[in-house]
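A closer look at the structure
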Amino acid sequence: MTSTLVRALSIAALVSTIASPAAAQGGLGGRLDDPTGRQPVRRHEEPIEGVLMRVPDAYGDDVPEPPSYGAPVRSRTDAQLDDRLRVLDASWNVLGAQGLNYTNSVLSLIIGGAQVVVGGVFLEIGPPWDFIAPIFMVTGGVQVARTIIVDFILRPNPQPIALEYLGMASGTRQERLARLRYGEEQLESLATASATLRYVDSGLNVAGAGALVAAYFGMRDDRRDFDPVELIFFVGPAISLVMAVINLFTPSNAERRWDAYREMRERMGGDLVEVSPAISVDPHGGWAGLNGRF
């Protein structure tokens, strides 16, 4: 009895072992491809439970990129405003470091006054020192006059303007526009003052050279023959004349920066204005116009 039961259980286990692959092929296993490669790969129309399937996009395989949430697009006038402020900032940073230095001016006054005094002493001593006394007096007088007019009266001081400009607020568009206008006006004014200074300085150098030549011919005795040593008196006037010509055709730093900024502003189109059409229509009429943004 016992042996018969064992044989029956053994037969049942063998049958279940043989039936398992068939059941697997008919169930979930039947939906899998043949791992041996003898059967062709089949297209699965229905998703298999427990397996994530790729769902085709409604627009095909090209899935559109998600929208970008970066910085907002800046208008053309805002970009121009930033560029112009950037150039003005750089100019005033440089010009603000060029404050007035009265040390050289005071030394120039002292040297010029000393030359006038020496010339007066030579004139009092008499021959032969009185011959060069006018040279000292004219040279010293021109140097004193030039120092007072050019350095103490006409020379502009850009440092306070630069500090005022760089300290202006620029949080809103109105504040940035106000800063732009102030920087432009002051840079133009500084360039004009620097040009005036350059013209006056060149004119004083030319006048000084002419005064030295006039002093030489005024003290020279026409009855005496010309001595080549006397050419030394023309060295000073020649140097003053050359310096005057060079200074006359050499724009200052403020002038060059203003010219460069003005050319950039003209290339951008001048004033910062945005113009857009505005139209309104209703049953009783309508109107059309332009909206401007400054």
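Nothing here was measured: the structure is a model prediction, and the numbers come from that model. (Residues numbered from 1 in each chain as written. Predicted model: local features only at pLDDT ≥ 70, side-chain atom pairs only at ≥ 80, totals over all residues. Heavy atoms only, no water.)

With that settled, the discussion passes to the confidence of the model for the protein. Per-residue confidence for the protein averages 77 on the pLDDT scale, and 65% of its residues sit at or above 70. Below a pLDDT of 50 lies the segment residues 17-29, which in the model reaches 3 contacts outside its immediate sequence neighbourhood of four places, other chains included. Within the model, pLDDT remains below 50 along residues 288-294, and this stretch shows 26 contacts once partners closer than five positions in the same chain are excluded. (pLDDT = per-residue confidence, 0-100. Contact = heavy atoms within 4.5 Å.)

Each pair of aromatic rings is reported with the distance of its centres and the angle of its planes. One pass over the full model with this rule turns up 7 aromatic pairs. When the ring of Trp92 is compared with that of Tyr165, the centres are 6.3 Å apart and the planes differ by 40°; the resulting orientation is tilted. A residue pair is termed long-range when its members are at least 10 positions apart, and Trp92 in helix H2 (residues 76-96) and Tyr165 in helix H5 (residues 159-166) qualify at 73 residues. The two residues Trp92 and Tyr165 agree in class, both being buried. Considering the side-chain rings of Phe217 and Phe234, the 6.3 Å spacing of their centres and the 65° angle between planes classify their relative orientation as edge-to-face. On the criterion of sequence distance, the pair formed by Phe217 in helix H6 (residues 173-219) and Phe234 in the loop between H6 and helix H7 (235-248) is long-range, its members being 17 residues apart. Looking at Phe234, the relative accessible area reads 27%, which means it is partly exposed. (Phe/Tyr/Trp six-rings, centres within 6.5 Å; stacked < 30°, edge-to-face > 60°. Helix = DSSP H or I, 4+ residues; strand = E, 2+ residues; numbered from the N terminus. Buried < 20%, exposed > 50% of the residue type's maximum accessible area, 1.4 Å probe, protein only.)

Turning our eyes to something else, we now look at the environment of Glu164. Take Glu164: it is sitting in helix H5. Residue classification places Glu164 among the partly exposed residues on the basis of a relative accessible area of 48%. Residues Glu164 and Gly183 lie 19 residues apart in sequence; the distance between their C-alpha atoms is 9.4 Å.

Below, the discussion takes up the pattern of salt bridges. Taken as a whole and judged by the stated rule, the model has 11 salt bridges. With its nearest N and O atoms 2.7 Å apart, the salt bridge here joins Arg146 to Asp201. Taken together, the residues span a long stretch of sequence, with Arg146 in helix H4 (residues 133-154) and Asp201 in helix H6 at a distance of 55 residues. Assessed through its relative accessible area of 9%, Asp201 is described here as buried. The partner of Arg265 in a salt bridge is Glu184, with the nearest N and O atoms 3.6 Å apart. Of the two residues, Arg265 is situated in helix H8 (residues 253-268) and Glu184 in helix H6; the sequence distance between them amounts to 81 residues. Among the residues examined, Arg265 registers a relative accessible area of 22% and is labelled partly exposed. (Salt bridge = Lys/Arg side-chain N within 4 Å of Asp/Glu carboxyl O.)

Look at H6 against H8: their axes get within 8 Å of each other, and the N-to-C directions meet at 135°. With respect to H8, the axis of H6 lies oblique. Relative to H8, the crossing made by H6 is left-handed. On H8, the residues that touch Leu180, Glu184, Leu187, Glu188, Leu190, Ala191, Ser194, Ala195 and Arg198 of H6 are Ala254, Glu255, Arg257, Trp258, Tyr261 and Arg265. Its residues assigned to classes, the contact of H6 with H8 shows 8 nonpolar, 1 polar and 6 charged. (Axes fitted to C-alpha atoms, helices over the stretch in contact; angles between N-to-C directions. Parallel < 35°, antiparallel > 145°, perpendicular 65-115°, else oblique. Left-handed = near helix turned anticlockwise from the far one by under 90°. Nonpolar A, V, L, I, M, F, W, Y, C, P; charged D, E, K, R; others polar.)

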